[in-house]
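Take a look at the letters that make up each chain.
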Amino acid sequence: MKGYITSYAVNLMWIHFLLRHQHVEYVPPSSISPSLDDKEALTYLPMLPEETSRSSFTTSVAELITGFFRFYAFEFDWKREVISVSRGTSKVLKEDLQWIESREIMSLIFRERVWYRLCIEDPFEENLNLGRHVSPIKMNKFVCEFVNFWTACTLGTPKETMVDRSSSHAADVCTQCVHRCMIGRTSADVEEVMETLRTKCLGSLAAFEVENTASSVLSRAGYEVTSNKKIMIPAAIRNGLHIPAHAQAEIAIIDEELANDPYLGSAATSERIAMNLRHLYFHHLGLKRYFLKEKDSLKFMEHRNAIERALDEKLVTFNVAQVEEFLKRVGIDADPDMITIVLADKQLIRPASETRDKQRQTRGTCSGCSATAVSVWPTMDPASDDGFYCNTCWEQYEQ
């Protein structure tokens, strides 16, 4: 597909992942016997030694596939690292190859453009980046797809991989920006809000416009557009949408916490919930934490889900070191601070705020995924979480 990468580049990504996680051993090209150049000696080359048995494989294909998507969704540093299979298991940085943004080549002719956002080193041709045609906007979509596929693998919902998450993610970023424009206000000029979107999140707005009109982001955020080009909070949902002016101080605290520790998030206290601050951040059902980026919330969710299952199956106790060792054994890059928070939540918070109140079904906008005009249910403890969530969000949490 024009502007993306080839299957050859994807294969190199697979090999890079296998090398970095030491699923395969790196063999320096210089160590290979020259006799391999003799085609006469290669009449037959078995895929595996004859003595290899099934028990020799300690990792299943399913685990490798899930690990592959998790590696590129959460572990690989796209801003600094290069995917390489010819330099061993150590990290290769863009600066090492001078594949940096200041050396990008802009051209009206597509094949002559060179981007250094996605860097895959060709092992045969020197100074050739196989990801050179991936633009910044396509790069955002590329990374979103890894998060999408990892989520589908983890939740066991393969059909979800067919959903274009990049547009959904871009919509979330744009609606959060709209809500920030409306802090302390019940109405604003449409053009003022749209200009803020173009200034602060142009890339996400461009991704959203692939499938939608730019102005439709206002209605997606829950606002009404009047005939005189104003956006207003509908009276029926004002209590659930309006963010008061005095929330600014609390928002500044949250933003600072997320800047210092993005993966840990910031606690969604009852006071913050009452201010409707969930509209400004990624706030997955049951996590009780706010995040600036969706991938950070998913990383936290990965820790929480694995820890809760391990506790329920009595594989671990409420011991941070023990849980950290368990997570490493199952292939999760364990974070002690994150483990501490999850264990504290597991011990102290249960279960009304995480249970669906099936008697109060209504129709509206989902507080989790922002889906509109759908059936939604509140929790059994609205004082802790006054959100209403759709069936898809509840099923993902309840399973």
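Above this text sits the structure in question.
Residues numbered from 1 in each chain as written. Predicted model: local features only at pLDDT ≥ 70, side-chain atom pairs only at ≥ 80, totals over all residues. Heavy atoms only, no water.

Enquirer: Please explain the packing of helix α2 (residues 61–75) against helix α12 (residues 294–312) as it appears in this structure.
Expert: Each pair of packed helices can be summarised by the angle the axes make with each other and by the distance between the axes. Between α2 and α12, whose axes approach to 10 Å, the crossing angle comes to 130 degrees. Looking at the two axes, α2 sits oblique to α12. Each of R70, A73 and F74 in α2 lies in contact with α12, whose residues at this interface are K295, L298, K299 and E302. Class assignment for the residues of the contact of α2 with α12 results in three nonpolar, no polar and four charged. (Axes fitted to C-alpha atoms, helices over the stretch in contact; angles between N-to-C directions. Helix = DSSP H or I, 4+ residues; strand = E, 2+ residues; numbered from the N terminus. Parallel < 35°, antiparallel > 145°, perpendicular 65-115°, else oblique. Contact = heavy atoms within 4.5 Å. Nonpolar A, V, L, I, M, F, W, Y, C, P; charged D, E, K, R; others polar.)

Enquirer: Could you clarify how one ought to interpret the pattern of salt bridges in this entry?
Expert: Between side chains of opposite charge, a pair can form when the charged atoms approach closely. Enumeration over the complete set of coordinates arrives at 15 salt bridges. In this structure, E81 and K91 form a salt bridge, with 3.9 Å as the shortest nitrogen-oxygen distance. Pair noted here: E81 is in strand β1 (residues 81–82) and K91 is in the loop between β1 and β2 (92–93), with a separation of ten residues, a long-range link. Residue classification places K91 among the exposed residues on the basis of a relative accessible area of 53%. The partner of E192 in a salt bridge is R185, and the shortest N-O contact between them spans 3.1 Å. The class for R185 is partly exposed, based on a relative accessible area of 25%. (Salt bridge = Lys/Arg side-chain N within 4 Å of Asp/Glu carboxyl O. Buried < 20%, exposed > 50% of the residue type's maximum accessible area, 1.4 Å probe, protein only.)

Enquirer: Teacher, can you tell me more about the pairing of strand β9 (residues 374–378) here?
Expert: Each regular strand displays side chains that alternate between the two surfaces of the sheet. Across three bridges, strand β8 (residues 362–364) lies against β9 in antiparallel orientation. Bridge pairing in β9 links G364 to V374. Where β9 lies against strand β10 (residues 388–390), three bridges are found, and the strand directions are antiparallel. Across the sheet, the residue bridging to W377 is Y389, located in β10. (Pairing = 2+ DSSP bridges.)

Enquirer: Quick question: what am I supposed to make of the packing of helix α4 (residues 136–155) against α12 here?
Expert: Between α4 and α12, whose axes approach to 11 Å, the crossing angle comes to 25 degrees. Judged by the angle between their axes, α4 and α12 are roughly parallel. α12 is crossed by α4, and the crossing has left-handed handedness. Across the interface between the two elements, V147, W150 and T151 of α4 pack against K295, L298 and E302 of α12. Taken together, the residues of the contact of α4 with α12 break down into three nonpolar, one polar and two charged. (Left-handed = near helix turned anticlockwise from the far one by under 90°.)

Enquirer: Would you mind going over α4 with me for this structure?
Expert: It helps to recall that an α-helix has 3.6 residues per turn; residues three or four apart then point in one direction. Look at α4: 29 Å from first C-alpha to last across 20 residues, which is about the 28 Å you get at 1.5 Å a residue. Where α4 is concerned, the buried positions are M139, F142, V143, C144, E145, F146, V147, N148, W150, T151, A152 and L155. Taken from the residues just after α4, G156 is the one with a positive phi, measuring 70 degrees. (Expected span 1.5 Å × (residues − 1).)

Enquirer: When you look at the sheet that holds strand β3 (residues 187–189) in this model, what are you seeing that I'm missing?
Expert: Sheets are built from strands paired through backbone hydrogen bonds, the pairs being either parallel or antiparallel. What the three strands build is an open sheet, ordered β3-β5-β4; its pairing is antiparallel. A single partner strand is all that each edge strand has here, and the edge strands are β3 and β4 (224–225). Where β3 and strand β5 (residues 230–232) come together, three bridges link them in antiparallel fashion. Paired with A188 across the bridge in β5 is I231.

Enquirer: Is there a simple way to think about the packing of aromatic side chains in this case?
Expert: Any aromatic ring pair is given by two values, namely how distant the centres are and how the planes are angled relative to each other. All chains considered together, the criterion is met by 22 aromatic pairs. With centroids separated by 5.9 Å and ring planes inclined at 55 degrees, the aromatic side chains of F71 and F76 adopt a geometry described as tilted. Each member of the pair, F71 as well as F76, is classed as buried. Considering the side-chain rings of F291 and F300, the 5.6 Å spacing of their centres and the 55 degrees angle between planes classify their relative orientation as tilted. Neither F291 nor F300 differs from the other in exposure class; each is buried. These aromatic residues form a ring-pair network of at least three members: W14, F17, F68, F69, F71, Y72, F76, W78, F142, F146 and F149. Of note, K299 hangs over the ring of Y263, and the distance from its end group to the ring centre comes to 5.3 Å. (Phe/Tyr/Trp six-rings, centres within 6.5 Å; stacked < 30°, edge-to-face > 60°. Lys NZ or Arg CZ within 6 Å of the ring centre and 35° of its normal.)

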